[in-house]
Amino acid sequence: MTDVITAIEERRTTVLFDTTRDIEDAQVTELVRLATRAPTSFNLQNWRFIAVRTPDAKARLRAVAWDQAKITEAAVTFIIIGTLADEQTLPARLAPAVEAGIMPAQMVDGWVGAAGSLYKDQPWRQRDEAVRTATLGATTLMLAAHGMGLGAGPMIGFDPEAVASEFGLANNEIPAMLVAVGYGTPENWPQKPRRPLEQVLSLV
């Protein structure tokens, strides 16, 4: 596995995939296992991942995603889903931390109350959190793919309502982005240069 800093510096957006190479179910599972190590607010873990792998499912996704070729050429394309933040899910999500002795049981109600004050009856915050969560998961998945010797490319070119309908998303689920994963071809560009730090960093 490539170390984290090297993966960040070497990772590139893969748009051209070797259609002759597939990836195993175990690799798909491991990518999502690693993606779910990303942080989420209050440990909500309000995400879901759909791994689009079969020719039929790829064709259905490509039809609602601007006919992007990499959806059918990559070994798998993940639909990265964020779920609207809901404090009522927290007791179950925090239970493993309590059972492991990481979190005192008496803290759970306080976290539920704090999350409720932040999200309850505030749909814009619920949606913002869903998108944040999905983005953190997608970024971690892409770094994991690089560490496993795979290429990955994020996509925002799709019809979210059509994706939700085609793949049976619930009303509280938002398809935030797609991430194609597979073995890249040599024609993919390296990581493009970034803006100078003095343009993006303020030390105060």
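All chains use their own residue numbering, which begins from 1 and follows the written sequence. The predicted origin of the model limits local features to residues at a pLDDT of at least 70 and limits the giving and counting of side-chain atom pairs to 80 or more, whereas totals for whole chains, interfaces and linings rest on all residues. Processing note: side-chain calculations cover all non-hydrogen atoms of the structure and skip hydrogens and water entirely.

An unreviewed UniProt entry annotates the chain as Nitroreductase family protein originating from Glacieibacterium frigidum. According to the UniProt record, the Sequence similarities (unreviewed entry) comment for the chain is "Belongs to the nitroreductase family." UniProt positions are given in the numbering used here, feature names are shortened, and annotations may be inferred rather than shown by experiment.

**Digging into the sheet that holds strand β2 (residues 76-83)**
For two strands to be treated as a pair, DSSP must find no fewer than two bridges joining them. Secondary structure counts use DSSP, requiring at least four H or I residues in a row for a helix and at least two E residues in a row for a strand, with both numbered from the N terminus. What the 4 strands build is an open sheet, ordered β1-β2-β4-β3; its pairing is antiparallel. Edge strands, defined here as strands with exactly one partner in the open sheet, are β1 (47-52) and β3 (151-155). Adjacent strand axes in the sheet meet at a mean angle of 25°, parallel and antiparallel pairs treated alike. Note: β1 against β2, 6 bridges, orientation antiparallel. If you follow Ala51 over to β2, its bridge partner there is Phe78. Axes here refer to lines fitted to C-alpha atoms; in helices the fit is confined to the stretch in contact. Angles between the N-to-C directions go from 0 to 180 degrees.

**Some thoughts on the packing of aromatic side chains**
For any two aromatic rings, the description comes down to two numbers: the centre-to-centre distance and the angle of the planes. Stacked, tilted and edge-to-face are the three classes assigned to paired rings of Phe, Tyr and Trp, where Trp is represented by its six-membered ring and a pair needs centres within 6.5 Å; plane angles under 30 degrees give stacked, over 60 edge-to-face, the rest tilted. One pass over the structure, following the stated rule, counts 3 aromatic pairs. Relative to Trp111, the ring of Phe42 has its centre 6.2 Å away and its plane inclined at 75°; by these criteria the two rings are edge-to-face. Taken together, the positions of Phe42 in the loop between α2 (25-35) and β1 and Trp111 in helix α6 (residues 108-119) put the pair 69 residues apart, joining distant regions of the chain. Phe42 gets classed as partly exposed once you look at its relative accessible area, which sits at 21%. A relative accessible area of 30% places Trp111 in the partly exposed class. Here Trp47 and Phe49 contribute two aromatic rings whose centre-to-centre distance is 6.0 Å and whose plane-to-plane angle is 50°, an arrangement assigned as tilted. These aromatic residues form a ring-pair network of at least three members: Phe42, Trp111 and Tyr119. We count a charge as sitting over a ring when the NZ of a lysine or the CZ of an arginine lies within 6 Å of the ring centre and within 35 degrees of the ring normal. Between the NZ or CZ atom of Arg21 and the centre of the ring of Tyr183, over which it lies, the distance is 3.6 Å. Positioned over the ring face of Phe167 is Arg60, at 4.6 Å from the centre of the ring. Here the term buried applies to any residue with accessible area under 20% of the maximum for its type, exposed to any over 50%, and partly exposed to those in between, with areas from a 1.4 Å probe on protein chains only.

**Concerning the environment of Ala92**
Looking at the secondary structure, you find Ala92 in helix α5 (residues 90-99). Take Ala92: its relative accessible area is 58%, and that puts it in the exposed class. In the structure, Ala92 is positioned 48 residues away from Leu44 in sequence and 9.5 Å away in space, judged by C-alpha atoms.

**A short note on the pairing of β3**
Counting buried positions along β3 yields 4 of 5 residues, so the element is predominantly enclosed. Two elements, β3 and strand β4 (residues 173-182), share 5 bridges in a ladder whose sense is antiparallel. Its bridge partner being in β4, Pro154 is matched across the sheet by Val179.

**Overview of the nonpolar core**
Leu31, Phe78, Ile80, Leu141, Val179 and Val181 are the most contacted members of the largest nonpolar core, which has 24 residues in total. For this core, the secondary-structure elements that each account for two or more residues are α2, β1, β2, α7 (123-147) and β4. In terms of residue count, α7 provides more of this core than any other element does, 6 residues in total. Here, residues are in contact when the closest pair of their heavy atoms is within 4.5 Å. Discounting residues that sit within four places of it in the chain, Leu141 has contacts with Leu31, Ala35, Phe49, Phe78, Ile80, Val179 and Val181. Joining through side-chain atoms within 4.5 Å is the link that ties buried Ala, Val, Leu, Ile, Met, Phe, Trp, Tyr and Cys residues into a set, and such a set is a nonpolar core.

**Describing the pattern of salt bridges**
Side-chain pairs of opposite charge can arise whenever the charged atoms involved come near each other. The salt bridge criterion pairs a side-chain nitrogen of Lys or Arg with a carboxyl oxygen of Asp or Glu, the two atoms within 4 Å. Summed over the entire model, instances satisfying the criterion amount to 8 salt bridges. Here Arg53 makes a salt bridge to Asp25, at a shortest N to O gap of 2.1 Å. You can see Arg53 sitting in the loop between β1 and α3 (55-63) and its partner Asp25 sitting in helix α2, a full 28 residues away along the chain. For Arg53, a relative accessible area of 23% corresponds to the partly exposed category. We note a salt bridge from Arg62 to Asp67, for which the minimum N-O separation is 2.8 Å. Its relative accessible area of 54% is what places Asp67 among the exposed residues.

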